[in-house]
Amino acid sequence: VQLQASGGGLVQAGGSLRLSCAASGRTFSNYNMGWFRQAPGKEREFVARISRSGGSTLYADSLKGRFTISRDNAENTVHLQMNSLKPEDTAVYYCAAHGKYYSGSDYLASRYDYWGQGTQVTVSS
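These remarks concern the structure in this document. As the structure is a computational prediction, the values presented were derived from the model and not from experiment. (Residues numbered from 1 in each chain as written. Predicted model: local features only at pLDDT ≥ 70, side-chain atom pairs only at ≥ 80, totals over all residues. Heavy atoms only, no water.)

1. What about the nonpolar core?
- With 35 residues, the main nonpolar core has M33, W35, L80, M82 and Y93 as its most contacted residues.
- At the level of secondary structure, the elements contributing two or more residues to this core comprise strand 1 (2–6), strand 3 (17–24), strand 4 (32–38), strand 5 (45–50), strand 7 (67–72), strand 8 (77–82), strand 9 (91–98) and strand 11 (119–124).
- The dominant element in this core, judged by the number of residues it contributes, is strand 9, at five residues.
- Beyond its immediate stretch of four places on either side in the chain, M82 contacts G15, S16, L17, L19, R66, F67, Y93 and V121. (Core = buried A, V, L, I, M, F, W, Y, C linked by side-chain atoms within 4.5 Å. Buried < 20%, exposed > 50% of the residue type's maximum accessible area, 1.4 Å probe, protein only. Helix = DSSP H or I, 4+ residues; strand = E, 2+ residues; numbered from the N terminus. Contact = heavy atoms within 4.5 Å.)

2. Focus on the pattern of salt bridges
- Scanning the model with the defined rule gives seven salt bridges in all.
- R37 is paired through a salt bridge with D89; the nearest N and O atoms lie 2.9 Å apart. One end of the pair, R37, is in strand 4; the other, D89, is in the loop between strand 8 and strand 9, with 52 residues separating them in the sequence.
- Judged by relative accessible area, D89 falls into the buried class, the value being 0%. (Salt bridge = Lys/Arg side-chain N within 4 Å of Asp/Glu carboxyl O.)

3. Some words on the sheet that holds strand 3
- Taken together, the four strands give an open sheet; going across it, the order is 1-3-8-7, and neighbouring strands pair in antiparallel fashion. Among the strands making up the open sheet, the edge pair consists of strand 1 and strand 7. Strand-to-strand twist in this sheet, taken as the mean axis angle between neighbours without regard to direction, amounts to 15 degrees.
- Pairing geometry for strand 3 and strand 8, over six bridges, is antiparallel. Its bridge partner lying in strand 8, C21 is registered against V78. (Pairing = 2+ DSSP bridges. Axes fitted to C-alpha atoms, helices over the stretch in contact; angles between N-to-C directions.)

4. Remarks on the environment of A91
- In this structure, A91 sits in strand 9.
- Through-space distance from the C-alpha of A91 to that of G8 is 9.7 Å; in sequence the pair is 83 residues apart.
- Not counting the four nearest positions on each side in its chain, A91 is found in contact with R37, Q38, A39, T119, Q120 and V121.

None of the figures reported here should be taken as evidence of function without further support.
Here's what the structure looks like:
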């Protein structure tokens, strides 16, 4: 499956952004979808995951309440709504997919088989 992330940009602290990831090539609803991010000089970190049907979500503890993952299987798209953004949210955001049974281990990047190219999010103070 090919993944194309979009929606990044420059936003002031306290603002919102909605990222999108469009999938193509295979049946989108067969894949659990995740978002990760990587700030300069830091390791890639887990943001959120949504199961195939959308019935199960998993979030990084530090982001609960500010970020919301959702998906539209009819449109082959997964979204990440980011609210109350902080300068420390500045990173390249990646979408990813895996076809395994979803689990509490989906915060691990190694669980994902397909990755998008990333979209830059910059939050100014």
